[in-house]
Amino acid sequence: MFRSHEMKKVIIFALNKHRDAVLSKIQQLGMVQPIDLKKKDIDLEKPSDISNLKRISDCLLRVSRLVNIMKLPPKKLKFTQSVLGLDLLDRHRIQKEDSEETLEDVESYLTQNEKTLIDLEDKYTKLIEKEEELLSFKTIADIFDELNIPMDLLESTNKVSIISGKILTENQPKLETELNEKLNQYVHIISRPQNKKESIITVIGLSENLADISFLIKKYNVNIFTIPSWGIRKSPKEYVDSELKSLSSEKKSTLSDIDQRSSAIFEQGVVIREKLEILKNRFETIHNTLESEKFFILQGWILKKKSHKFEQELKKEVDENIVIKFEDPKETDNVPVKLANKKFFKPFEMLTELYALPKYRDLDPTFIVGPLFLIFAAFMLTDAIYGLFLVILGLFMYKKLAKYNEGIKNVSIIILGMGALTLLFGILTGSYFGDFPKYLWGVEPKDVALWKDPLEDPLFFLIISIGTAVVYLNIGFILGVIEDHRKKDYKTMFKERIVWFLIQIGVALLALGLNPKIPIINLGVATLLIILTGI
């Protein structure tokens, strides 16, 4: 319970003709985490034929793209699905088939559907791009319309260039002065203030002077408007609104076509994608092996308690024509970690994983992290109504959603536990939406509290909070001492654990006003330990 599962390194020697059967069985059992073998002193090579893996990866990318295209139309989801983003499909029983049969099915699926769906996606993408262009231009058109600037007169010619943009009002006179000086008055400037800080400016000049005009405009940080040729017209706003309306209709039509196409093939596509992912994992495992003409070698990690069953199942699959060897991990091995908590603590493993998994066979802090997380969370909320809401939410998630995902199940249990303790603390402290009963019925929290009202004696609860934190901290130090002793790391034990016990004792004695020499000695010893262990 306090440490992760014991692991064994498994080494498999099998004939090449049994490779597919062995790897399929390993994948089916799901007990082994393969290791990528490197060629060192062993006179064996990596498998050279990777054509199947490339073909599978290519098909997986293509099918995944089609599945994503079919997700473009908005789906009508149940409330729980929409809230949690779940995409729940019916379960499908899959017949066992070899890789060639699977790939033939995939190619047939792609031949029938790929071109049509990709054409629809391209059409939809172009519509989105056009819509974004129109919306971007609409912002400019709104500004020009508000300032009564006729956009149909802004078209440049072979002889005349017209540039419009936004400039800081304080920079406008400087720009006008420099343009007139530089171009000998062969320039015309129209400006309208947009607000107190910025103005809209239009510069009209000869095309032969465009380089000088552009240089000065950049010098004064003018934000130039990009006006497409189709936007230079009378009533551009009406044109944009009309085009957006037409695009919206085309988008809906395209999404409807995708939805109609996907209604019959979406679930099939998801199933095919999962089959390809399984195949890809299998072939990647093949390329983690070393092989000769006759046999291959595969290594991996397995739970010690499952090693006997694994050996039996694999030998049964190939009629004993296999050699399986188990080894204990070495100190230099990067051993995977599988936490081994009892059922009560299992949901809290996700809290431990949020920080970092302990190293192999190191102490697993889940049994401390889980309960204390609930206590601290409930102590911070301390409200019976909030607690009741959390209990209802936890029960709802556990009853309705836990069956779909182990993570949701664990979260629902944590919320349920947190809600129950929050409800308990709320009843003990008389907190129901804070002091809400006082405004409804004139009842003070202290009158309904079974223990104490935090508002009446906040210092008492502050002391409890600090005391709980100190206890929590010292449990960590004690567990650290136990681990350091097990590893014989006495330097860390004294420098990072015991020294804090001495400091705490010294501070406590000083606070209690006892013999001042004792805490000073403790603090001195602690300081000496820090210095000595730091050398």
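**Q** Mind showing me how you'd approach the side chain of K166 here?
**A** With respect to the helices and strands, the residue K166 is situated in strand 3 (residues 160-168). E198 is the oppositely charged side chain nearest to the buried, salt-bridge-free K166, at an N-O distance of 4.2 Å. Contacts of K166, omitting those with residues within four sequence positions, involve I143, Q194, E198, S199, I200, N221, V222, N223 and F225.

**Q** Even after reading the chapter, I still don't get the layout of surface pockets, so can you show me in this structure?
**A** Think of a ball as big as a water molecule: rolled over the atoms, this probe shows where empty space is left. Its volume calculated, the second largest pocket comes out at about 700 Å³. In terms of lining residues, the second largest pocket is bounded by 25 residues, among which L363, P365, V369, G476 and L479 are the most central. Here the lining of the second largest pocket gets nine residues from one element, more than from any other, and that element is helix 15 (residues 458-487). Counted by class, the lining of the second largest pocket contains 15 nonpolar, four polar and six charged residues.

**Q** When you look at the nonpolar core in this model, what are you seeing that I'm missing?
**A** It is characteristic of soluble globular proteins that their nonpolar side chains tend to be buried jointly. In terms of nonpolar packing, the biggest core is built from 42 residues, with I12, V22, I26, L276, F310, L314 and I322 touching the most fellow members. Elements represented by at least two residues in this core include exactly strand 1 (7-15), helix 1 (19-29), helix 2 (51-70), helix 4 (99-146), helix 7 (236-286), strand 8 (295-303), helix 8 (307-317) and strand 9 (322-327). Listed in part, the 18 residues of the second largest apolar core include I200, F225, L244 and L247.

**Q** Is there a simple way to think about the sheet that holds strand 5 (residues 198-206) in this case?
**A** Note: strands within a sheet are paired through backbone hydrogen bonds, in either parallel or antiparallel orientation. With antiparallel pairing, the four strands of this open sheet are ordered in space as 4-5-3-6. Each edge of the open sheet carries a strand with a single partner, namely strand 4 (187-193) and strand 6 (223-224). In this sheet, strand 5 lies alongside strand 3 in antiparallel orientation, the contact comprising nine bridges. Residue L168 lies in a different strand from strand 5, and its bridge partner there is E198. The strands touched by helix 5 (residues 172-182) within the sheet are strand 3, strand 4 and strand 5, with strand 4 carrying the most contacts at an inclination of about 175 degrees.

Rules behind the numbers
Residues numbered from 1 in each chain as written. Predicted model: local features only at pLDDT ≥ 70, side-chain atom pairs only at ≥ 80, totals over all residues. Heavy atoms only, no water. Helix = DSSP H or I, 4+ residues; strand = E, 2+ residues; numbered from the N terminus. Buried < 20%, exposed > 50% of the residue type's maximum accessible area, 1.4 Å probe, protein only. Lys, Arg positive; Asp, Glu negative; His and termini not counted. Salt bridge = Lys/Arg side-chain N within 4 Å of Asp/Glu carboxyl O. Contact = heavy atoms within 4.5 Å. 1 Å grid on protein atoms, 1.4 Å probe; cavity = no way out; pocket = protein on both sides within 12 Å on 5 of 7 lines; lining within 4 Å. Points joined across faces, edges and corners; volume = space filled by probe spheres on them. Nonpolar A, V, L, I, M, F, W, Y, C, P; charged D, E, K, R; others polar. Core = buried A, V, L, I, M, F, W, Y, C linked by side-chain atoms within 4.5 Å. Pairing = 2+ DSSP bridges. Axes fitted to C-alpha atoms, helices over the stretch in contact; angles between N-to-C directions.

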